[in-house]
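# Analysis of the macromolecular model
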Amino acid sequence: QVQLMESGGGLVQPGGSLRLACAASRALSNFNAMIWYRQAPGAEREYVARIHSGGSTNYADSVKGRFTISRGDTKNLGYLQMNSLRSDDTAIYSCNVIAEYTTYWGPGTQVTVSS
């Protein structure tokens, strides 16, 4: 089956920015939604943001005004721009894509915010 892969994570100082990407191993048709989640060590997975096929977006209160989710194309599916990063943004970030009437998950990319 198709594999998703997140990229763009890394170590950044507080107040810095990163842009995460979510790509598929092949083009995906019938795109419905892309959702970003994050999970900090010892914590439950947390919803971050989503975008739907029509372009509507939604954000968790904790990231609203700082993060921006956007669409790409059928293979480079989308992005999560993260600005004004804080230490409590540290987590593994995973993308979830609903397309071709199936839900796909990536393995996640580590984001560490530290001085």
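Anything mentioned here points back to the structure above.
An account of the accompanying structure is given in this report.

### What about the pairing of strand β10 (residues 102-105)?
Sheet analysis places strand β9 (residues 91-99) next to β10, joined by four bridges and oriented antiparallel. Among the inter-strand pairings, I98 is bridged to a residue of β10, identified as T103. Hairpin connection from β9 to β10: two residues lie between these consecutive antiparallel strands, with E100 at a positive phi of about 50°.

### Things to note about the packing of aromatic side chains
Evaluation of the coordinates by the stated rule reveals two aromatic pairs. Taking 6.3 Å as the distance between ring centres and 75° as the angle between the ring planes, the aromatic pair formed by Y37 and Y47 counts as edge-to-face. With Y37 in strand β4 (residues 31-39) and Y47 in strand β5 (residues 46-52), this residue pair connects regions lying ten residues apart in the sequence. Between Y37 and W105 the ring centres are 5.3 Å apart and the planes differ by 35°, which places this aromatic pair in the tilted class. Linking Y37 in strand β4 with W105 in strand β10, this pair joins segments that are 68 residues apart in sequence. Counting every residue linked through ring pairs, the aromatic cluster contains Y37, Y47 and W105. The residue whose ring lies beneath R19 is Y79, and the NZ or CZ to ring-centre distance is 4.1 Å.

### Remarks on the sheet that holds strand β3 (residues 18-24)
Ordered in space as β1-β3-β8-β7, the four strands form an open sheet in which the pairing is antiparallel. Because the sheet does not close on itself, it has two edges, and the strands there are β1 (4-7) and β7 (67-71). With strand direction ignored, the average angle separating the axes of adjacent strands in the sheet is 15°.

### Some remarks on the state of the cysteines
A full pass over the atoms with the stated rule returns one disulfide. One disulfide bridge connects C22 with C95, the sulfur atoms lying 2.0 Å from each other. Across the S-S bond of C22 and C95 the torsion is about 60°, and the bridge reads as right-handed. Of this pair, C22 sits in strand β3 while C95 sits in strand β9; the two residues are 73 residues apart in sequence, bridging distant segments of the chain. The buried category is assigned to C95, whose relative accessible area is 0%.

How each quantity is defined
- Residues numbered from 1 in each chain as written.
- Predicted model: local features only at pLDDT ≥ 70, side-chain atom pairs only at ≥ 80, totals over all residues.
- Heavy atoms only, no water.
- Pairing = 2+ DSSP bridges.
- Helix = DSSP H or I, 4+ residues; strand = E, 2+ residues; numbered from the N terminus.
- Phe/Tyr/Trp six-rings, centres within 6.5 Å; stacked < 30°, edge-to-face > 60°.
- Lys NZ or Arg CZ within 6 Å of the ring centre and 35° of its normal.
- Axes fitted to C-alpha atoms, helices over the stretch in contact; angles between N-to-C directions.
- Disulfide = S-S within 2.5 Å.
- Buried < 20%, exposed > 50% of the residue type's maximum accessible area, 1.4 Å probe, protein only.

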